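Remarks on the overall topology
If you want the building blocks of each chain, they are given just below.
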Amino acid sequence: MTSLAFDQVRVDYAKRTAVASFTDTVKPGEWLCIIGPNGAGKSSLLRAIAGVVPHSGRILVDGSSLAARSSRRRAQLMAYVPQSPVLPSGMTGAEYVLLGRNPFVTHFGRESELDHSMVDDVIERLDLTGFATRDVDTLSGGERQRLVIARAIAQEAPILLLDEPTAALDIGHQQQALELVDTLRLEHGLTVVSSMHDLTLAGIYSDRLVLIHEGHTVASGMAREVLNASVLAEFYGANVRVHHEDDGTIVVVPSKREVLK
Amino acid sequence: MSMRGASRWWIPAAVVALACSLLLGVMIGPAGPTWWRVPLELLNRLPFLSFDSGLTETQWAIVWQIRAPRVVLAAFVGSTLSIAGASYQGVFRNPLVDPYLLGVAAGAGLGATIVITVNRSGTSSWIIDPLPLIAFGGGLIAVLVTYLVGTTGRGERSSISLVLAGVAVTSLATAAQTFMLQRNSDVIRQVYSWILGRLSSATWSDVRLVLPYVAFSTIVLMLHRRLLDVLRVGDEEATALGVNVSRVRLVVVIAATLGTASVVAVSGLIGFVGIIVPHAVRLVVGTSYRLVLPISLLFGAAFLILADIPGRVLDNPAETPIGVVTAFLGAPFFLLILRTRKNER
């Protein structure tokens, strides 16, 4: 299992700072969920970790810095599922999952039989056999999301980065996708960093939450510590009630203004 | 998997199509021997085989010194424009892009115009014809300027700004060309005939001239076909999958540009091929660049050989420019494929 550490990670765009300074340590096998209102810097942070946008500060994988690593080596260490992945029309499900093997194929080489059987195996395990020969264009939102997760799993990276993995899904598919990630995490000992909008789901599935606001970390800890009505009111500008269920689940319920009066 | 199954037959089929086109290309022409004698003579020329084709030395010279280089050059031009077009469409993720996108054609056109206006008659005695060399140089300079101007942005933006820079450079070169033609209206016809493209004057030395560039470009592009598939998920995801996107894009653009500039230098601007062939191929064999690139290469070569045939037979001896033929053949062919595919879905 692999640990991930952040030392004053900062992401600057041309006209604004998306992440001011992020310092944190993700334990091996931990699921860290980054929460925060729109524009807080969640996606930017994940994109910086994935190496898609430049950043300053240090990101350490098992104690060694990522800065000197090539994008290929980085891709062997972490698989990234973006908020709205591009599924090229005309590509079959199996061809799409095969893209996940890219970090292991030499520049001008082609995938080995091992890569192909690995992909077949992932497809079978994630119950996607029916989609292997289908054009990704013909799949539904939930099916596409599972396929993207399959691509990330085929990448065999010990760290999984998920940016809003449930954004486009209904409640059933949200649950399915997160259950799938959780199962795979336990099976493969993956370290997971995700961003999420649904605070209840974030609390249920992750080990720890980090709330960021305008690029700064404002709260960090277990769900019951971070998810409280006054914190959420302050940073989300939301009126919510927070229920503590008997099984320890934290439920965040929006309330209408009148209720508070 | 389906990819590994049915697709296996496309490459042999394309090879056969190209072989038939090559044969047809050397068999048909306004002068020369009866068509069926040519394949017999070709067999006769192979070691250990002997056939009586009845060809005279003069007739053989027509076949080998006039038709053959023209057919081979057509194959080079067709394959290079097609594979370069497909590659450009891949790295820019834009189906409407053609190999002339970054200004190769306009730059080469300006180079050719300069040679023709400055002193065409004076250069005829030179050992090396400067026209293709300067056209080649003009094409490369235009793309270089496009690249320098256009790569200021980052990530996804850089490919858009590159395309826009290509549009600007193309306009500028075309404007300069028009200005020169305005002042030297006596050479308009000559420049125009170069622009419309021709293979008629092709010799073996033209073939030798472009061969190294065509070979280099083809090999480099073919080596990148798997990476072009990875790029289809977008710059960000491709980066996250371990691809050095800007380097791949630069190498592919350099290779495609070198090939395009070299064939444009000897054949003029033959339009439509770089868009029509890859698209037609995609509609038939699917969208994976692993197949699109080799099949475009083979069918592109066959297409241009066939497109060159009506030009030399129909309007003899004036010859219809090949660029006009490709446009007349290509556009309806493209519409037809587009229509039949729509009905299937």
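Points about the overall build of chain A
- Each helix and strand counted, chain A has ten helices and twelve strands in total.
- Expected size for 261 residues packed as a compact globule is a radius of gyration near 18 Å; at 19 Å, chain A falls within 12% of this value.
- Principal-axis analysis of the C-alpha atoms gives chain A an extent of 65 × 40 × 35 Å.
- Buried positions account for 42% of the 261 residues belonging to chain A.
- Pairs at least 24 apart in sequence give 65% of the contacts found in chain A among residues at least 6 apart.

So, the overall build of chain B
- What chain B contains, in helices and strands, is 15 helices and zero strands.
- Relative to a compact globule of 345 residues, whose C-alpha radius of gyration would be 20 Å, chain B shows 21 Å and is just as compact.
- Once the C-alpha set of chain B is aligned to its principal axes, its extents read approximately 65 × 60 × 40 Å.
- When burial is assessed residue by residue, chain B has 50% of its 345 residues classed as buried.

Focus: the interface of chain A and chain B
- With 24 residues of chain A at the contact, the number on the chain B side is 20 residues.
- The set of elements that each furnish at least two residues to the side of chain A that touches chain B consists of α2 (71–77) and α3 (93–98) of chain A.
- Residue composition of the side of chain A that touches chain B, by class: 14 nonpolar, six polar and four charged.

Observations regarding the pairing of strand β10 (residues 216–221) of chain A
All names here are of chain A.
- In terms of strand pairing, strand β9 (residues 208–213) meets β10 through five bridges, oriented antiparallel. Paired with H213 across the two strands is H216, which belongs to β10.
- Between β9 and β10, which pair antiparallel in sequence order, lie two residues; one of them, E214, sits at a positive phi of approximately 50°.

Overview of helix α13 (residues 273–285) of chain B
Residue and element names in this part refer to chain B.
- With 13 residues, α13 extends 18 Å from end C-alpha to end C-alpha; this agrees with the ideal 18 Å at 1.5 Å per step.
- In terms of residue burial, α13 counts as a mostly covered element, since eleven of its 13 residues are buried.
- Along α13, the residues classified as buried are V273, G274, I275, I276, V277, P278, H279, A280, V281, R282 and V285.

Quick word on the packing of helix α2 (residues 10–27) of chain B against helix α14 (residues 289–314) of chain B
Residues and elements named next belong to chain B.
- Orientation of α2 relative to α14, taken along the N-to-C sense of each, is 20°, at an axis distance of 9 Å. As far as their axial angle goes, α14 and α2 are roughly parallel. Here α2 and α14 pass one another in a crossing that is left-handed. In this structure, α2 contributes W10, I11, A14, V15, A17, L18, S21, L22, L24 and G25 to the contact, and α14 contributes L291, P294, I295, L298, F299, A301, A302, I305, L306 and I309.
- Across the contact of α2 with α14, the residue classes break down as 18 nonpolar, two polar and no charged.

Let's talk about the nonpolar core
- V97 and L161 of chain A are the most contacted members of the largest nonpolar core, which totals 174 residues.
- Per element, the largest residue contribution to this core is 15 residues, and it comes from helix α4 (residues 57–91) of chain B.
- Setting aside its immediate chain neighbours within four residues, V97 of chain A contacts V119, V122, I123, L147, A150, R151 and A154 of chain A.

A word on unusual backbone geometry
Residues and elements named next belong to chain A.
- The phi dihedral of E164 falls on the positive side, at around 50°, and the residue is not glycine.
- Positionally, E164 belongs in the loop between β7 (159–163) and α6 (171–188).
- The class of E164 is partly exposed, set by 19 C-beta atoms lying within 10 Å.

Regarding the pairing of strand β4 (residues 56–61) of chain A
All names here are of chain A.
- The pairing of strand β1 (residues 4–12) with β4 spans five bridges and is antiparallel. Residue pairing across strands places F6 opposite I59, the latter belonging to β4.
- As judged from the two bridges shared by β4 and strand β5 (residues 64–65), these two strands associate in the antiparallel manner. Each bridged residue has a counterpart across the sheet, and for V61 the counterpart in β5 is S64.
- Here β4 folds back onto β5 in antiparallel fashion, the turn holding two residues, of which D62 has a positive phi close to 50°.

Brief notes about the packing of α4 of chain B against α14 of chain B
Residues and elements named next belong to chain B.
- At a minimum axis distance of 7 Å, the contact between α4 and α14 shows a crossing angle of 145°. Judged by the twist between their axes, the crossing of α4 over α14 is right-handed. Facing V71, A74, A75, V77, G78, S79, L81, S82, I83, A86 and G90 of α4, the residues of α14 in contact are Y289, V292, L293, S296, L297, G300, A301, F303, L304, I305 and D308.
- Taken together, the residues of the contact of α4 with α14 sort by class into 15 nonpolar, six polar and one charged.

Some remarks on the environment of G311 of chain B
Residues and elements named next belong to chain B.
- Looking at where G311 falls in the secondary structure, it is placed in helix α14.
- Considered as a pair, G311 and G323 are twelve residues apart in the sequence and their alpha carbons are 9.8 Å apart.
- Leaving out residues up to four positions away in the same chain, G311 has contacts with E319, T320, I322 and V325.

Examining the confidence of the model for chain B
- The share of residues in chain B with pLDDT of 70 or more is 90%, and the mean pLDDT across the chain is 85.
- Two numbers describe this predicted complex: its pTM, 0.88, and its ipTM, 0.90.

Cut-offs and rules
- Residue indices begin from 1 for each chain and proceed along its sequence in written order.
- To label them, take the chains in the order written and letter them from A, then take the ligands in the order written and number them from 1.
- Local features in this predicted model are restricted to residues whose pLDDT is 70 or higher, and side-chain atom pairs enter the listing and the counts only when it is 80 or higher, whereas totals over whole chains, interfaces and linings include all residues.
- Strands here mean DSSP runs of E at least two residues long; helices mean DSSP runs of H or I at least four residues long; both are numbered from the N terminus.
- Here the radius of gyration uses the C-alpha set of atoms, whereas the globule reference equals 2.2 Å times the residue count to the power 0.38.
- Neighbour counting defines burial: a residue surrounded by 20 or more other C-beta atoms within 10 Å of its own C-beta is buried, one with 12 or fewer is exposed, and intermediate counts give partly exposed, using backbone-placed C-beta atoms.
- By definition, residue pairs are in contact when their C-beta atoms, positioned from the backbone, come within 7 Å.
- Amino acids outside the nonpolar list (Ala, Val, Leu, Ile, Met, Phe, Trp, Tyr, Cys, Pro) and the charged list (Asp, Glu, Lys, Arg) are all regarded as polar, and Gly is one of them.
- A pair of strands is labelled paired if DSSP reports no fewer than 2 bridges between them.
- A helix is expected to reach a length of 1.5 Å times the quantity of its residues less one.
- The axes used here are C-alpha line fits, helices contributing only the stretch in contact, and every angle between their N-to-C directions lies in the interval 0 to 180 degrees.
- Any angle between 65 and 115 degrees counts as roughly perpendicular, while under 35 counts as roughly parallel, over 145 as roughly antiparallel, and the rest as oblique.
- Note on convention: near helix rotated counterclockwise from far helix by under a right angle means a left-handed crossing. Clockwise means right-handed.
- The nonpolar core is taken to be a set of buried Ala, Val, Leu, Ile, Met, Phe, Trp, Tyr and Cys residues joined by way of C-beta atoms within 7 Å.
- pLDDT gives the predictor's per-residue confidence on a scale running from 0 to 100.

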